[in-house]
Amino acid sequence: QVQLVESGGGLVQAGDSLRLSCAASGRTFSRYAMGWFRQAPGKEREFVAAISWNGGRRNYADSVKGRFTISRDNRKNTVYLQMNSLKPEDTALYYCAADLEEYGLGSAFPSRYDDWGQGTQVTVSS
């Protein structure tokens, strides 16, 4: 089990940028694929981005391709989500998640992930 804590959310205007961070516990963080998901009120949780255990593969939802970048620093046990050109439809609670199956490539499906953070709120005004 890994403990995940998201930070970096906030209230911004359309076109602005935010950088979300997810700090993870545990010595084996570097072996886990990590993902970002988001959920708006009344909507299902949706995939945003994922990164493989070593950062070699990245996967993005079509809605964020070209705007969001996922990265990780295994030495700091942290995964990031750089969000540029934010849109009102990006407004949601953003969660990071860890796939505890070692050396994962980064799945878009929530069921593949074992541990989740509490989320950080991103609100984008028009």
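Shown above is the structure to which this text applies.
What comes next is a walk through the structure. These figures come from a predicted structure and were not determined experimentally.

### Quick look at the state of the cysteines
Okay, step 1: Inspection of the entire model under this criterion finds 1 disulfide.
Okay, step 2: Between the sulfur atoms of Cys22 and its disulfide mate Cys96 the distance is 1.9 Å. Residues Cys22 and Cys96 are joined through a disulfide that is right-handed, its torsion about the S-S bond being 55°. Of this pair, Cys22 sits in strand β3 (residues 18–24) while Cys96 sits in strand β9 (residues 92–102), and the two are 74 residues apart along the sequence.
Okay, step 3: Take Cys22: its relative accessible area is 0%, and that puts it in the buried class.

### Regarding the environment of Phe109
Okay, step 1: The topology assignment puts Phe109 in the loop between β9 and β10 (115–116).
Okay, step 2: Assessed through its relative accessible area of 57%, Phe109 is described here as exposed.
Okay, step 3: C-alpha separation for the pair Phe109 and Arg75, spaced 34 residues apart in sequence, amounts to 26 Å.

### Things to note about the side chain of Glu6
Okay, step 1: Here Glu6 is to be found in strand β1 (residues 4–7).
Okay, step 2: Of the side chains bearing the opposite charge, Arg45 lies closest to the buried Glu6, which forms no salt bridge; the N-O distance is 7.7 Å.
Okay, step 3: There is a polar contact of 2.9 Å between the side chain of Glu6 and the backbone nitrogen of Cys96.
Okay, step 4: Only 3.0 Å separates the side chain of Glu6 from the backbone nitrogen of Gln118, close enough to count as a polar contact.
Okay, step 5: When near neighbours in sequence (up to four residues on either side) are disregarded, Glu6 contacts Ser21, Cys22, Trp36, Tyr94, Tyr95, Cys96, Gly117, Gln118, Gly119 and Thr120.

So, how was this worked out
Residues numbered from 1 in each chain as written. Predicted model: local features only at pLDDT ≥ 70, side-chain atom pairs only at ≥ 80, totals over all residues. Heavy atoms only, no water. Disulfide = S-S within 2.5 Å. Helix = DSSP H or I, 4+ residues; strand = E, 2+ residues; numbered from the N terminus. Buried < 20%, exposed > 50% of the residue type's maximum accessible area, 1.4 Å probe, protein only. Lys, Arg positive; Asp, Glu negative; His and termini not counted. Salt bridge = Lys/Arg side-chain N within 4 Å of Asp/Glu carboxyl O. Polar contact = N/O pair within 3.5 Å; in protein donor to acceptor, adjacent residues only side chain to side chain. Contact = heavy atoms within 4.5 Å.

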